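Chain residues, written in single-letter form:
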Amino acid sequence: MKPLPLPRLAAAALLAALAPALIPFAAHGEALNPPVKVRYEEVVRSILYVPKYVALSQGYFKDAGLDVSMKTSQGTDKGMTALLSGSADIVLIGPEASIYVQNSESPVKPKIFAGLTATDGFFLLARKPVEKFDWSMLKGKEVIGFRPGSNPIVFLETALRKHGLDPQKDVKLLNNIGIPARAGAWMAGQGEYGIFLEPEAGELVRNGKGYIVASVGHEVGQVDYTVFTATDKYIRDNPKVIQAWTNVVARAEKYVKDTPAATLAPQIMTYFPGMDAGAVTDAIDRYKQYQIWKTSPLVTADAMNQLQDMLIASAVMKESGRVKYEDVVVADFAKKVP
């Protein structure tokens, strides 16, 4: 075989050298050019959303041609308001919100296009160490819950019913405490038990102010808990943005699944200033233990049907309010992930 001319040989060598760097781009779809600005809001700041923070810190969104700005809504209700009012393009919120809006008179309808968490990330904390926890211990007790109708309280009520407790009669749920005030309320003595996300749960444990006794998500099982949502109009007008976003989510979910917590923790520390890297590592490990993160962005019809069963059991939705899967979920983008 004749040797390559020097210019072609140099070009071939350069291509070989660049190949590893080019693989991520080829494997995860073509980058949008020019980059597209996306106004994004997360429901709360929590280690529960590690794949998203990894995607931001490791440049996955930039690789896809997405210029993302991020705000924290402090609640699914506020995130949905931002979406419907047009102040956000994409939000990470509970899927129950899209069901509620679908049943409302709002002319703007949200659609779920990708999922991030496979189930509830809240942990149930007790004030004292419990050698062998049983859910019957909650009978007659005050429990710090969450905003009525929100996924956190619906999932907790589902776990209570699973263990033979009537959420309305057997426990006293404290559901009127604002998100920023929850840890402070616990520290001030409210509640004998309470549900908390990471990093709050871990912080309370490390400070000797609480003891993790159960995972709500583990009790309920795999039902989509937080999802990426946009308006139907935004999705129609920006299908390439939605596909690029979904590709990024899939890439991040796979990376988080395959990567040890000790490697992930330094990559998300910028979103949790002041926290100890060891504490963040422990929190990620806890979530990995309970398989909290999805391994595919696809939100299934079975999951949405099960969620609606839970909403009806919690009396926040009537049977007549059931919505069709295709009315609240656009599955096409998750199915087209490279």
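The structure this text deals with has already been given above.
Read on for an overview of the structure.

Parameters and conventions
Residues numbered from 1 in each chain as written. Predicted model: local features only at pLDDT ≥ 70, side-chain atom pairs only at ≥ 80, totals over all residues. Heavy atoms only, no water. Axes fitted to C-alpha atoms, helices over the stretch in contact; angles between N-to-C directions. Helix = DSSP H or I, 4+ residues; strand = E, 2+ residues; numbered from the N terminus. Parallel < 35°, antiparallel > 145°, perpendicular 65-115°, else oblique. Left-handed = near helix turned anticlockwise from the far one by under 90°. Contact = heavy atoms within 4.5 Å. Nonpolar A, V, L, I, M, F, W, Y, C, P; charged D, E, K, R; others polar. Phe/Tyr/Trp six-rings, centres within 6.5 Å; stacked < 30°, edge-to-face > 60°. Buried < 20%, exposed > 50% of the residue type's maximum accessible area, 1.4 Å probe, protein only. Lys NZ or Arg CZ within 6 Å of the ring centre and 35° of its normal.

1. Here's the deal with the packing of helix H12 (residues 261–268) against helix H13 (residues 277–289)
No. 1: In the contact formed by H12 and H13, the axes pass within 8 Å of each other and the chain directions differ by 125°. Considered as vectors, H12 and H13 are oriented oblique to each other. Note that H12 runs across H13; the crossing there is right-handed. Residues Ala 261, Ala 262, Leu 264, Ala 265 and Ile 268 of H12 lie in contact with H13, whose contacting residues are Ala 277, Val 280, Thr 281, Ile 284, Asp 285 and Lys 288.

2. Focus: the packing of helix H6 (residues 151–162) against helix H14 (residues 301–313)
No. 1: The interhelical angle for the contact between H6 and H14, taken along N-to-C directions, is 80°, at an axis separation of 9 Å. By the criterion of interaxial angle, the relationship of H6 to H14 is roughly perpendicular. Contacts between H6 and H14 pair Asn 151, Val 154, Phe 155, Thr 158 and Arg 161 from the former with Leu 307, Met 310, Leu 311 and Ala 313 from the latter.
No. 2: Among the residues making up the contact of H6 with H14, the classes are represented as six nonpolar, two polar and one charged.

3. Some remarks on the packing of aromatic side chains
No. 1: A complete count under the given rule lists 15 aromatic pairs for this structure.
No. 2: Both rings, one in Tyr 60 and one in Tyr 255, keep their centres 6.4 Å apart while their planes meet at 80°; by these two values the pair is edge-to-face. Of this pair, Tyr 60 sits in helix H3 (residues 60–63) while Tyr 255 sits in helix H11 (residues 239–258), and the two are 195 residues apart along the sequence.
No. 3: Ring plane angle 15° and centroid distance 5.5 Å describe the contact between Phe 123 and Tyr 287, whose orientation is recorded as stacked. Taken together, the residues Phe 123 in strand E5 (residues 123–126) and Tyr 287 in helix H13 connect sequence positions 164 residues apart.
No. 4: For Phe 123, a relative accessible area of 1% puts it in the buried group.
No. 5: Each member of the aromatic cluster is reached from another via a ring pair, and the members are Tyr 40, Phe 61, Phe 228 and Trp 245.
No. 6: Note that Arg 182 overlies the ring of Phe 196, its terminal NZ or CZ placed 4.8 Å from the centroid.
No. 7: Above the face of the Tyr 60 ring, Arg 251 is positioned so that its terminal group lies 3.8 Å from the ring centre.

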